[in-house]
4 protein chains.
Amino acid sequence: MNVFGNSLKIILFGKSHEKYVGITLDGLPAGFKIDEESIAKYLNYRRPKPIINTSRVEEDEFEIIGGFNGFTDGAPLTILIKNKDVKSSDYDELFLKPRPGHADYPAYIKYKGFNDYRGGGQFSGRMTAPIVAAGGLLAPILENVGIRCYSRVVSIGEIKDSEEYTLEQLERRYENDLRVLSSGAYEKMMEKILAVRREGDSIGGVVETVISGLPVGLGEPFFYSLESGISALAFSIPGIKGIEFGDGFQGTLLRGSEFNDQLYLENSGKIKLKSNHSGGINGGLSNGNPVVFRVAVRPTSSIPKPQNTVNMKEMSNEILRIKGRHDPCIVPRVVPIMESVANIAITDFLLTFNGGELIGKN
Amino acid sequence: MNVFGNSLKIILFGKSHEKYVGITLDGLPAGFKIDEESIAKYLNYRRPKPIINTSRVEEDEFEIIGGFNGFTDGAPLTILIKNKDVKSSDYDELFLKPRPGHADYPAYIKYKGFNDYRGGGQFSGRMTAPIVAAGGLLAPILENVGIRCYSRVVSIGEIKDSEEYTLEQLERRYENDLRVLSSGAYEKMMEKILAVRREGDSIGGVVETVISGLPVGLGEPFFYSLESGISALAFSIPGIKGIEFGDGFQGTLLRGSEFNDQLYLENSGKIKLKSNHSGGINGGLSNGNPVVFRVAVRPTSSIPKPQNTVNMKEMSNEILRIKGRHDPCIVPRVVPIMESVANIAITDFLLTFNGGELIGKN
Amino acid sequence: MNVFGNSLKIILFGKSHEKYVGITLDGLPAGFKIDEESIAKYLNYRRPKPIINTSRVEEDEFEIIGGFNGFTDGAPLTILIKNKDVKSSDYDELFLKPRPGHADYPAYIKYKGFNDYRGGGQFSGRMTAPIVAAGGLLAPILENVGIRCYSRVVSIGEIKDSEEYTLEQLERRYENDLRVLSSGAYEKMMEKILAVRREGDSIGGVVETVISGLPVGLGEPFFYSLESGISALAFSIPGIKGIEFGDGFQGTLLRGSEFNDQLYLENSGKIKLKSNHSGGINGGLSNGNPVVFRVAVRPTSSIPKPQNTVNMKEMSNEILRIKGRHDPCIVPRVVPIMESVANIAITDFLLTFNGGELIGKN
Amino acid sequence: MNVFGNSLKIILFGKSHEKYVGITLDGLPAGFKIDEESIAKYLNYRRPKPIINTSRVEEDEFEIIGGFNGFTDGAPLTILIKNKDVKSSDYDELFLKPRPGHADYPAYIKYKGFNDYRGGGQFSGRMTAPIVAAGGLLAPILENVGIRCYSRVVSIGEIKDSEEYTLEQLERRYENDLRVLSSGAYEKMMEKILAVRREGDSIGGVVETVISGLPVGLGEPFFYSLESGISALAFSIPGIKGIEFGDGFQGTLLRGSEFNDQLYLENSGKIKLKSNHSGGINGGLSNGNPVVFRVAVRPTSSIPKPQNTVNMKEMSNEILRIKGRHDPCIVPRVVPIMESVANIAITDFLLTFNGGELIGKN
């Protein structure tokens, strides 16, 4: 199901080994500036980094079908991204030998053997490129109304970044390849990733996203709560196995009197909350605090280490040795993806809420 | 946004202090037996238990508008549940003094003061009664095709149930009021809840759900992955702040070689997985293992302890003392709710996938 | 499929011989006055009229679940309408002998015999009562922003009302039971209906709807054009077999130079159109003219005259004599229904277009 | 709103003067053969014919992103169609002088001047090319389960084709450029079109579609009745101003006893209907008869004759003389478009109804 959203609909298409992957955005109001540099920047954030990632070089040339004179024009906008560096032969032998941790096995059953297994087909991480392109398109539109989405790596395996951070640090999150805020954490994480890589293995981690500048009352009761919309989109991303808002699972250890974010009147006369245990959301609606969520990124499925699998044609047990290029750690690449997830979800919520007032609508 | 689902749509209506809360199911195929006893049973599971919960007695009389001769008939089916024991006056003074942790403040801003604040209005936990009624309706329909959803409490605050369990224990999950499997955990949890209650405070916990019997390949790529659909519905439930599938956040500490669920051929000739770190889901599709997910339930928002808030009319700081009946711990009540969430989501996935084959479709 | 709409969703439930028929409106902004008198008035417009219609007396007591202090509150609003005067026995023998012109035969096949055949079940004209209730709720909300939907009978069989009319005549459209503007047409039509009735037969006609006061640019390109939205809803109504906008089928006889509505500048400085052949819509968007559409209402299916049918159990040919009360002409009753269709569709378009500006949105 | 459908979603993108127009199909089951020749054939049917149409030569090179080894694979399938012969300068002067009968004026207001006016932008008839490509893709898939959609011209202006026809004639409908069945009508229509062309004017007509081979019970009650789904899609097509099913508007002149399609048992033991006044649909569901509908195609908006309009910048009255290439009659080109509308709508209905049984579903 490749359509998502209420007022802004995104539609994902293409596959890992097609000529293109792409995304269509339907429902963007006319009059927003189309910032191609921002799209390129986000796609670049997502590109693999030489030391820690696969050697596949994805240049991500993109082409925009839509807009007029540099602005959105009320018509749908499609971004096509060329798939360049495709080596289908790497995957040929995998067809009947499903890779553990991948969609290979259930997809084969679901689609009765017709699925495009090359590079994981439509289940490939490559499908996140158009999502990031959309995120890059929307980021300056949101920034223009004072909303910013910042993601960052908070842990790689057991190594954690410091919990304290400043806004200035968030702004510089892309300055290192691990998208981590403290240099101490950076070094330990890099060391760990390289060690894991040497073992032919992979490692996971946690990515945190902070959304600032939201109006109070964003989100819809029940089935399109802020948490529902963000989580539905976040779990579309391959490798995400958990999401929590505010204190999340740790919050189950607190008492209500500790968890409740109490209200008070600022000197300025504004209503504020004394804490942010609920991650900026009450009853599915934004409460004026930054929205904070974390996602659990499982260790990369494709690993060079030999693994048990079956040959689905011969119906025999097999040992699988995956060749080709693989990432020992995709966690840093999830950072621009989660930022894009946030940008897309928030734009849809804004267009659904108080439409004309904040962001404009046709 | 009170409509959810693709092939099966559920629509939630009513409010805490209306005459009814209700739910409409649209898209149920004709020919399913309507088991009113199962609905009553689920509603009873959700009722507050004398010691640990509020004294509000919700008898949950319900009325079905739909079906014919005891079977679904292709038309929508609506369940009306009477709201009986309503004391609006308890809430009157709260209108302009938002309760910390509740939707009161963002709802007031969003709806410009027109929102029904009585008992939390549409943001009330009362809205989960129709969801549980729908869960009770669907449970025997799923059971009929071999699918079972079991939820249970795995922790209250820092007290955990044993991680090992048998299917037989799951079947008996409603035999104690805490919906916990080991009697050791039961006693410690009950003690903790009573202590918290004496302090005028509240406590959270974690509820786990296991779904057995799913066909391989259930779920849709990307935006309607099993995780996306289940999480969107789970986060509709008041008080849920996190969800994880399989190893979830703990899984970020593993290596890929540990996390990957390797495949092998059973003696019977069936393809099986050696472990279940991914919680029965790869690439958004069921892989034949039980689907396992856990949700974080925040400590109940409404507590007798005095809290800081503001008077939104006077724009002054206030101390709030919430009167009336309140639950020190809603975690056990979340058990039938999460089972219902699973029942609803899985039915929708089944009707979307291979429609006619497994569950039938008109 | 009982859910319709984009920003405003309506959900229809109940059946002809259930305790209730009902409708839920989800997505209405908070702050609209709930005018119960208007709902009652519309339901009354829809009631059968003594001479021309069946003797079934439907009092249409309704109950509103939703709203707060007389205003919409952002939560869904449900209207329950009691089904009173139900004689199921009239229909019992029809179950296996499908009535020509009704859904009986395809519904039996589709639902494998599980469908509720009593009174046509969910295919009954009775399901239009909640649609009219919703129309009555929305009419004053639209009127408040200057939008009015007027329907009227333009023909019964071959008898036509005059084509010229004044706004004042439209305002008085409910003053006679045939909802026709000229008294000459009224008399001829009534005579015709009574003659048809005496023959045990039925007759159809055409209903025209005029929507005034729309902003320019309402409607969405392509799949939610004004025509698409209105026609999808209009064809939900039992008995509607055609719809045309502006000159419609007659317009195919004109030249482009005659059909095109040319633009000019009024003395006031406003852009106006010289004619209204396109029925107020260009490219799916409103152009400032009144939107005008006509629907073809087939002659009522249920007639006392004997008809050929089959006994689906015995698989034998049969002669069917339908007993009970039947309308020789439902065309006048379609008038408030089409007005309600227009009210619902236009409210949804308004909430989708420039949301905050015209009608407000939460 | 460029997304349509329930189980099969189509998404339209691009504009008249972009590099591409395109369509994405999401929800096609895996395992259908992708017949590129059929797509090419349909696109060719839609191409303008030398004598009667504009001289714009649209070669309609297309590219498929999707499928695997020549079959659908469960992933979305996108068709890109190159826009070649684009002369934007023709349209430059029209920007502030809206063409009567076009979306120019309401689109300018709706999109606050940001809309892409070149060639009508997203309101262009060019957008029907991807719809026809989708129709061409689906035609053989439907044919494979015995379903055929045939459209033909039944009238141009006041000139009508004969009402009687054979299946064999329908099969040969594309053998003449007017897509008319009788050679007598062909000559008169061609003469009329050429006469209208000489006058610098245009002419409309009526296109009829017959769908054979549908299972009984296709369609959904109320809001997704066969009529609702087909009409919503048909009215997306520029220039369509009316639709009627079966006897439609003429049927309002009949008595119920004439209009009702009575049932009988064929010698073969099958249930049949004696007539087809209701166009194969009762209560929104197919009844086993061919589904028959007609659409009214307004005379082409763009005509060389001078017309009144306004200059929206200067706010002055103007005389407009549209240059460039224009069709005096688009009715024959609507034939493959309506066939495609039928193919798309019927595929979606089939995937929604009894999914697995007839057409298969993943």
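Residues numbered from 1 in each chain as written. Chains lettered and ligands numbered in written order. Predicted model: local features only at pLDDT ≥ 70, side-chain atom pairs only at ≥ 80, totals over all residues.

Caption draft 1: Representation of the relation of the copies chain B and chain A within the structure. Of the transformation placing chain B onto chain A, the axial shift is 0.0 Å and the rotation is 180 degrees, giving an RMSD of 0.0 Å. Such values leave the two copies arranged in the relation of a two-fold axis. (Least-squares fit on C-alpha atoms with pLDDT ≥ 70 in both.)

Caption draft 2: Local environment of helix H1 (residues 36–46) of chain C. Residue and element names in this part refer to chain C. Residues of H1 that are buried: Ile-39, Tyr-42, Leu-43, Tyr-45 and Arg-46. Within H1, the buried residues cover an arc of 155 degrees as seen down the axis, which keeps them to one side. Where H1 is buried, its residues meet strand S4 (62–65), helix H4 (128–143) and helix H9 (331–352). (Buried ≥ 20, exposed ≤ 12 C-beta atoms within 10 Å, placed from the backbone. Helix = DSSP H or I, 4+ residues; strand = E, 2+ residues; numbered from the N terminus. Arc of directions from axis to C-beta. Contact = placed C-beta atoms within 7 Å.)

Caption draft 3: Representation of the pairing of strand S16 (residues 316–320) of chain A within the structure. All names here are of chain A. For S16, a buried count of 0 out of 5 residues is recorded, marking the element as mostly open to its surroundings. When strand S15 (residues 307–311) meets S16, the two strands line up antiparallel, connected through 5 bridges. Among the inter-strand pairings, Thr-309 is bridged to a residue of S16, identified as Glu-318. Between S15 and S16, which pair antiparallel one after the other, the connecting turn spans 4 residues, and Met-315 there sits at a positive phi close to 50 degrees. (Pairing = 2+ DSSP bridges.)

Caption draft 4: Examining the interface of chain B and chain A more closely. Every contact between the two is made by 90 residues of chain B and, on the other side, 90 residues of chain A. Of the residues belonging to the side of chain B that touches chain A, the class tally is 41 nonpolar, 36 polar and 13 charged. Examined bridge by bridge, strand S9 (residues 240–245) of chain A and strand S9 (residues 240–245) of chain B share 3 bridges and lie antiparallel to one another. The residue bridging Ile-243 of chain A from the neighbouring strand is Ile-243 of chain B, located in S9 of chain B. (Nonpolar A, V, L, I, M, F, W, Y, C, P; charged D, E, K, R; others polar.)

Caption draft 5: Here's a closer look at the packing of helix H7 (residues 226–234) of chain A against helix H7 (residues 226–234) of chain B. Running from N to C, H7 of chain A and H7 of chain B cross one another at 170 degrees; their axes reach a closest spacing of 8 Å. Regarding the angle of H7 of chain A to H7 of chain B, the classification is roughly antiparallel. Between H7 of chain A and H7 of chain B, the residues in contact are Ser-228, Ser-231 and Ala-232 of chain A and Ser-228, Ser-231 and Ala-232 of chain B, respectively. In terms of residue class, the contact of H7 of chain A with H7 of chain B is built from 2 nonpolar, 4 polar and no charged. (Axes fitted to C-alpha atoms, helices over the stretch in contact; angles between N-to-C directions. Parallel < 35°, antiparallel > 145°, perpendicular 65-115°, else oblique.)

Caption draft 6: Molecular detail of the environment of Leu-273 of chain A. All names here are of chain A. Within the element layout of this structure, Leu-273 appears in strand S11 (residues 271–273). On the neighbour-count criterion, Leu-273 (20 C-beta atoms within 10 Å) is buried. Between the C-alpha atom of Leu-273 and that of Asn-260, which follows or precedes it by 13 residues, the distance is 9.5 Å. Setting aside residues no more than four positions away along its own chain, Leu-273 makes contact with Asp-261, Gln-262, Leu-263, Asn-287, Gly-288 and Asn-289.

Caption draft 7: Highlighting the sheet that holds strand S5 (residues 77–82) of chain C. Reading across the sheet, the 5 strands line up as S1-S2-S3-S5-S4 (chain C) and stay open at both edges, with antiparallel pairing between neighbours. The sheet is open, and its two borders are formed by strand S1 (3–4) and S4 of chain C, each paired with just one other strand.

Caption draft 8: Up close: the pairing of strand S14 (residues 291–297) of chain D. All names here are of chain D. Along S14, 7 of the 7 residues are buried, which leaves the element largely enclosed by surrounding structure. Residues of S14 alternate between two faces, with Val-291, Phe-293, Val-295 and Val-297 on one and Val-292, Arg-294 and Ala-296 on the opposite face, all of them buried. Relative to S14, strand S9 (residues 240–245) runs antiparallel, the two being bridged by 5 bridges. Looking at the pairing, Phe-245 lines up with Phe-293 of S14.

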